[in-house]
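Examining the three-dimensional arrangement
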Amino acid sequence: MRMSTFRRGATALITSAVAALTGALTWVAGASSADAATGCAVTYRITNQWGGAFGADVTITNLGDPISGWTLTWSFTAGQQVTQAWNAAVTQAGAAVTARNEAYNGAIAKDASVSFGFNGSWTSANPAPAGFTLNGVVCTGGVTTPTPSPTPSPSPSATPSPSPTPSVTPAPSRISVWLAGDSTVANSSGSPIVGWGRELGQYLTTNATVVNNAVGGRSVQTWLYESAVTDRMNANGECALSSTAYAARWQSMLDSATGMKAGDYLFIQFGINDGSTTCPRHVGAARYRELLTTMVRAAQQRGANPVLLTPSAALTCSGSTATPNRGYLTDTFAVGTATGAPVIDLHKLSYTLYNSLRFCPFNGDYTSGPVGAFFANDHTHFEAAGARQIAGLVATAVRDQRLGLAAYLR
C-alpha cells in the first residue's frame, strides 16, 4: 500500500507528554513548513498482559491538514514481537515495526483519530516504544504554522524562534456503542426487568450513543439466527439451522449504511441461555467460541472495537458468600485471547458486588429488602436499581482496563 506523506518538509518541535506506563503513553508532535501546519498525536495503550504475551491499542490523531493514507512506524526496545493485528497491516523487521492503514481507514481529517490494535509477545520486559513517526513526521511536539525565514540583513542579528502553539487535545468524535446479549443486557424483558444495557448510557458522554440490540431469552446462536435455529440437534450435538441467513438485527449491524462504523464499540455478552440442554437455545462450547469469534471479526473488519463480557452472575449463596455460577467463562476468555478483543469479567465483578452489598445469606424473598430492590422476581434479572449498578461495573472496567471507550466516560 502506498505511503502518503505530509505535503511539505518538516522540522520537529519537541515536547513530550508521558502518562504512567500502566495506562497510556501519548506522543504529540508537530512538523512545520513555510505555509502549512502539520502535526500528530499517538497514544499507545497496553490493554492486557499475561505470561509472555500482551495486547495493545494505538490511536493516531491528526492535528494538521487532512491526510488520505498513513504509515506509522516505531521500534521496540526489549525484543517484543507483533503476532497479530487488526485495523492495520502491520509488519516487523527486527525491532522496527510498520503499520499501514487498511482500505477503509486511510483518511484522517484534521483533529480526527483512527485506532488499530495488535497482540504481541514479550520476554523479560515490555516497555512502551520511545516514540512514533507518522508519514515521516516524528510525533514529539505541538502543531505550529511557522513564519518564513527572515531575509538576511547586512548585520547579523538573532532571529527569535516562533512560540509553539499549545498542543491540541481534540474532542472525541461521535460513536455508537452496540450491545448484543440476552435479557440481563436488554432494555427490558417485561416489567420490572431491566438489563444493564439500558442504564449504560448514563455513564457515557453525549458523544457516545448506546444502541441496545440485546434480546431476552437468546443464546448467541438464536440471537444471530433467530427462527432459523430448529428444535432438533445435528450429528455434532448442536441445534441444526434451517438457513444460514442472519437475523435482521445482525444484518442491520453489518450494513455499511446502518451498522457498525470505524471507531464504534460492540459489547457482546452471552453464556446464560446457551447452557440449555435442549434446542433451540443449546450451544456447545466449541460452537459458542466459533460464533463469538464470528462477531468479533465482523466488528474488527469494519474498524469497530469488540469487547467481550462474561455473563453477569445470578445470586447464589453458600452461607454468607455469593458464589460463581455461570458457564462459558473460559470460552469467552479464549476468544478474547485468540482475537485480541478485550474481555470484561462481568461474572466475577457482579458476584463480588453482591458480596460487598452483603446479599447473602438470603431467604429467597425478592419482594423486599436490598435484594428485592436489586433483583426483579428471581435471582437472575435486575430491576432498574440493580441494572444501574451492573452498568456501573461495566463502566468502571472500561476505565480500569484503559479501553479507548474510557475517553467517553463521564
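What comes next concerns the included structure. (Residues numbered from 1 in each chain as written. Predicted model: local features only at pLDDT ≥ 70, side-chain atom pairs only at ≥ 80, totals over all residues. Heavy atoms only, no water.)

**A look at helix α4 (residues 285–301)**
Every α-helix winds through 3.6 residues per turn, so residues three or four apart in the chain are directed the same way. Between the first and last C-alpha of α4 there are 24 Å, a value that for 17 residues agrees with the 24 Å anticipated at 1.5 Å per step. Two residues or fewer past α4, Gly303 is found with a positive phi of approximately 80°. (Helix = DSSP H or I, 4+ residues; strand = E, 2+ residues; numbered from the N terminus. Expected span 1.5 Å × (residues − 1).)

**Quick word on the state of the cysteines**
Here a disulfide denotes one covalent bond, and it connects the sulfur atoms of two cysteines. Under the defined criterion, the tally for this structure stands at three disulfides. Covalently, Cys239 is tied to Cys279 through a disulfide, its sulfur atoms 2.2 Å apart. A torsion of -100° about the S-S bond marks the disulfide between Cys239 and Cys279 as left-handed. Of the two residues, Cys239 sits in strand β16 (residues 239–241) while Cys279 sits in the loop between β17 (265–269) and α4, which places them 40 residues apart along the sequence. (Disulfide = S-S within 2.5 Å.)

**So, the sheet that holds strand β11 (residues 133–134)**
Ordered in space as β8-β9-β6-β11-β12, the five strands form an open sheet in which the pairing is antiparallel. Edge positions in the open sheet fall to β8 (89–93) and β12 (137–138), since each of these has one partner strand only. Here β8 runs beside strand β9 (residues 96–100); their pairing, made up of five bridges, is antiparallel. Bridge pairing links Val90 to Ala99 in β9. (Pairing = 2+ DSSP bridges.)

**Description of the nonpolar core**
With 42 residues, the main nonpolar core has Val177, Trp196, Phe267 and Tyr354 as its most contacted residues. When residues of this core are traced back to their parent elements, those giving at least two are β13 (175–181), β17, β18 (305–309), α6 (346–356), α7 (369–374) and α8 (384–400). When residues of this core are assigned to their parent elements, the largest contribution, eight residues, is made by α8. Contact partners of Val177, with chain neighbours within four places excluded, come to Leu200, Leu204, Ala208, Thr209, Val210, Val211, Tyr265, Phe267 and Leu405. With 31 residues, the next largest nonpolar core counts Ala180, Met253, Leu266 and Ala299 among its residues. (Core = buried A, V, L, I, M, F, W, Y, C linked by side-chain atoms within 4.5 Å. Buried < 20%, exposed > 50% of the residue type's maximum accessible area, 1.4 Å probe, protein only. Contact = heavy atoms within 4.5 Å.)

**Section: the packing of α6 against α8**
Packed helices, taken two at a time, are described by the angle between their axes plus the distance between the axes. Where α6 meets α8, the closest approach of the two axes is 10 Å, and the angle between their N-to-C directions is 125°. On the basis of the axis angle, α6 is oblique to α8. Like other packed secondary-structure pairs, α6 and α8 cross with a definite hand, here right-handed. Touching Leu346, Leu349, Ser350, Leu353 and Tyr354 of α6 are Gln389, Ile390, Leu393, Val394 and Ala397, all from α8. Taken together, the residues of the contact of α6 with α8 break down into eight nonpolar, two polar and no charged. (Axes fitted to C-alpha atoms, helices over the stretch in contact; angles between N-to-C directions. Parallel < 35°, antiparallel > 145°, perpendicular 65-115°, else oblique. Left-handed = near helix turned anticlockwise from the far one by under 90°. Nonpolar A, V, L, I, M, F, W, Y, C, P; charged D, E, K, R; others polar.)

**Here we look at the sheet that holds strand β21 (residues 343–344)**
Read across the open sheet, the five strands follow the order β14-β13-β17-β18-β21; overall the sheet is parallel. Edge positions in the open sheet fall to β14 (208–212) and β21, since each of these has one partner strand only. Bridge count for β13 against β14 is five bridges, and the pairing is parallel. Bridge pairing in β14 links Ile175 to Ala208.

Shape is all these values report; function is a separate question.
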